[in-house]
Amino acid sequence: MKTQIVVPDSDSIAQAAELIRAGEIVAFPTETVYGLGANALDAAAVQKIFLAKGRPSDNPLIVHIASRGQLRELVQSISSDAETLLEAFWPGPLTLVLPKSKAVPDEVTAGGQTVAIRWPSHPIAQQLIQEAGVPIAAPSANLSGKPSPTRAEHVAEDLTERIPLILDGGATEIGLESSVVDVTGEEPILLRAGGISKEELERSLGRPVLVHSDAGETARSPGMKYRHYAPQAKLILFSEDVPLVPETENSALITLDACDSPLFKNHIHFSGSKQKMAHEIFELFRSLDKQGVQVIYVQQIDPSGLGQAIMDRLNRAAER
Ligand code: TXA
Ligand code: MG
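Everything quoted here is computed from the prediction, not taken from an experiment.

**A closer look at the overall build of the chain**
A count of helices and strands for the chain gives 11 helices and 15 strands. Projected onto its principal axes, the C-alpha coordinates of the chain cover approximately 60 × 50 × 30 Å. Counting every position in the chain, which comprises 320 residues, the buried fraction comes to 55%. Taking the intrachain contacts of the chain between residues at least 6 apart in sequence as the baseline, contacts between residues at least 24 apart amount to 69%. A total of about 13,400 Å² of accessible surface is found on the chain, and carbon and sulfur atoms cover 49% of it. The averaged location of the 41 negative side-chain charges in the chain is 3 Å from the averaged location of its 29 positive side-chain charges.

Have a look at this one:
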């Protein structure tokens, strides 16, 4: 299959929407990372996503919507926590896990009784969903296990000849995925840290949000059990007080703040900005791999605000 990469305009968005309606899969930009979308109501189309990514079929997908009507069609009920959070953060980088309606195929939810839903803020994502006229199931548009794509070029690296079309909307704004919150029970549970911080969620709800590990059920968000986001290079996380001598000449050092590092020729820092780090970390993993770097040392950062999502991705990228 030939993969077309096109600049989004009214014609190419109409073409993408037509492919979605015809049961095909299409990559598109969101404010977090690029998604690989299919008609969420078409089980056969959704299966093509798993095939193209090499994704395990027990890992459910997020359904992207662009109206309240689509939300109502997909869920059985909307809890008051869900209502509060969607009022505060939609459209935006927040995914809510809700009880699914019969309209949602088992392929989307991996057979589960809940469905993850997000209303993205990116104008191209919104136009695509509106023109397709159906909700769009979409995981990140990378091969399973690879760093999530924050540019169309990254999607092309992973999925050329596996998908018909990539809408090239340039670099994504946030660079890390959405926060996933389970709002089906009495207590809201943060299943995956992401673009909206735990602190922001708690401020909006006016009470504490549990995190996945406190909740004690390791498989609540099935995707969390897989190794993820990994560069080919070996990734080593270190804390401030560990003296650092690189294992090989061919190493890179990543830190949040600028600092002295005479032993590293290749040192990348983000001038103390977690936003900048979130925006660039996945792209950096891909570019260090291209440079043939063998070992990447990353200094742990304080896990408040966006730091929690960044540390989550780093921890899972460092697992072997
Ligand atoms: O920002 C994002 O969320 C991006 C863009 C494209 O929207 N999407 C994304 O999808 O990151 P994906 O498939 O790479 O990650 C979805 C996460 C996985 O950890 C999955 O297990 C979890 O959401 N998930 C999906 N449905 C779920 C459900 N019903 N219950 C619990 N977790 C769920
Ligand atoms: Mg992903």
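**Considering the sheet that holds strand β9 (residues 179-182)**
In space, the 11 strands of this open sheet follow the order β1-β8-β2-β3-β7-β4-β6-β5-β9-β10-β11, with mixed pairing throughout. Each end of this open sheet is capped by a strand with a single partner; those strands are β1 (4-6) and β11 (210-211). Pairing geometry for strand β4 (residues 62-64) and strand β7 (residues 136-137), over two bridges, is antiparallel. Across the sheet, the residue bridging to Val63 is Ala137, located in β7. Packing against the sheet, helix α2 (residues 43-53) makes contact with β3 (35-39) and β7, and its axis sits at approximately 155° to β3.

**Notes on the packing of aromatic side chains**
Applying the stated criterion across every chain, the model contains two aromatic pairs. Residues Tyr229 and Phe282 carry aromatic rings whose centres are separated by 5.4 Å and whose planes lie at 25° to one another, so their mutual orientation is stacked. Taken together, the positions of Tyr229 in the loop between α9 (212-215) and β12 (234-238) and Phe282 in helix α10 (residues 274-290) put the pair 53 residues apart, joining distant regions of the chain. Of the two residues, Tyr229 and Phe282, neither departs from the other in class, the shared state being buried. Judged by centre distance (5.5 Å) and plane angle (70°), the ring pair of Phe264 and Tyr297 falls under edge-to-face. Remark: Tyr297 occurs in strand β15 (residues 295-299) and Phe264 occurs in the loop between β13 (251-255) and β14 (267-269); sequence separation between them is 33 residues. For Tyr297, a relative accessible area of 4% corresponds to the buried category.

**Observations concerning the packing of helix α7 (residues 152-159) against α10**
Direction vectors running N to C along α7 and α10 enclose 55°, while the axes themselves pass 11 Å from each other. Classed by the angle they form, the pair α7 and α10 counts as oblique. α10 is crossed by α7, and the crossing has left-handed handedness. Contacts between α7 and α10 involve His154, Glu157 and Asp158 from the former and Glu283, Arg286 and Lys290 from the latter. Among the residues making up the contact of α7 with α10, the classes are represented as no nonpolar, one polar and five charged.

**As for unusual backbone geometry**
Note that the residue after Trp90, namely Pro91, is joined by a cis bond; omega there is -10°. Phi is positive for Ala110, close to 55°, though the residue is something other than glycine. Judged by relative accessible area, Ala110 falls into the partly exposed class, the value being 34%. Phi at Ser271 takes a positive value of approximately 50°, unusual for a residue other than glycine. With respect to the secondary-structure elements, Ser271 resides in the loop between β14 and α10.

**Looking at the nonpolar core**
Core analysis: the biggest nonpolar cluster contains 92 residues, and Leu96, Ile254 and Met277 have the highest contact counts within it. Take this core: its biggest share by element is seven residues, from α10. Setting aside its immediate chain neighbours within four residues, Ile254 contacts Ile268, Phe270, Met277, Ile281, Leu284, Phe285, Leu288, Ile296, Tyr297, Val298 and Gln299.

**Looking at the environment of Leu253**
Mapped onto the fold, Leu253 is located in strand β13. The spatial distance from the C-alpha of Leu253 to the C-alpha of Glu18 is 45 Å, given a sequence separation of 235 residues. Excluding anything up to four places from it in sequence, Leu253 contacts Phe238, Leu244, Ser261, Phe264, Asn266, His267, Ile268 and Tyr297.

**Quick look at the pattern of salt bridges**
Taken as a whole and judged by the stated rule, the model has 19 salt bridges. The closest approach of N and O atoms between Glu31 and Arg118, which form a salt bridge, is 2.7 Å. In this pair, Glu31 sits in the loop between β2 (26-28) and β3 while Arg118 sits in strand β6 (residues 114-118), placing the two residues 87 residues apart along the sequence. Grouping residues by exposure puts Glu31 and Arg118 together as buried.

What counts, and where the lines are drawn
- Counting restarts for each chain: residues are numbered from 1 in the order of the written sequence.
- A letter from A marks each chain and a number from 1 marks each ligand, given out in the order of writing.
- Local features in a predicted model are, by the rule used here, given only for residues with pLDDT of at least 70; side-chain atom pairs are given and counted only at 80 or more, and totals for whole chains, interfaces and linings are based on all residues.
- Each side-chain value is worked out from all heavy atoms of the structure, with water and hydrogens disregarded.
- In this description a helix means any DSSP run of H or I spanning at least four residues, a strand means any run of E spanning at least two, and both kinds are numbered starting from the N terminus.
- For each residue, the accessible area found with a 1.4 Å probe, counting protein chains only, is set against the maximum for its type, and the residue is called buried under 20%, exposed over 50%, and partly exposed in between.
- Any two residues having at least one pair of non-hydrogen atoms within 4.5 Å are treated as being in contact.
- Residue exposure ignores everything except the shown protein chains as possible cover, and the areas themselves are Shrake-Rupley values with a 1.4 Å probe.
- Charge counting treats Lys and Arg as positive and Asp and Glu as negative, with His and both chain ends excluded.
- Every charge is mapped onto a representative atom, which is NZ of Lys, CZ of Arg, CG of Asp or CD of Glu.
- Two strands qualify as a pair provided that DSSP identifies no fewer than 2 bridges between them.
- Throughout, an axis means a line fitted to C-alpha atoms (over the contacting stretch in the case of helices), and angles, computed between N-to-C directions, take values from 0 to 180 degrees.
- In this scheme Phe, Tyr and Trp rings, the latter by its six-membered ring, pair at centre separations within 6.5 Å, and the angle between planes marks the pair as stacked below 30 degrees, edge-to-face above 60, and tilted otherwise.
- Roughly parallel covers angles under 35 degrees, roughly antiparallel covers those over 145, roughly perpendicular covers 65 to 115, and oblique covers all other angles.
- Helix crossings fall into two classes, left-handed where the near helix is turned counterclockwise from the far one by less than a right angle and right-handed where it is turned clockwise.
- Basically, the charged four are Asp, Glu, Lys and Arg, the nonpolar ten are Ala, Val, Leu, Ile, Met, Phe, Trp, Tyr, Cys and Pro, and anything else, Gly included, counts as polar.
- Think of a nonpolar core as a cluster: buried Ala, Val, Leu, Ile, Met, Phe, Trp, Tyr and Cys residues, connected wherever their side-chain atoms sit within 4.5 Å.
- A pairing counts as a salt bridge when a side-chain nitrogen of Lys or Arg comes within 4 Å of a carboxyl oxygen of Asp or Glu.

The quantities given are spatial measurements derived from coordinates; they are silent on function.
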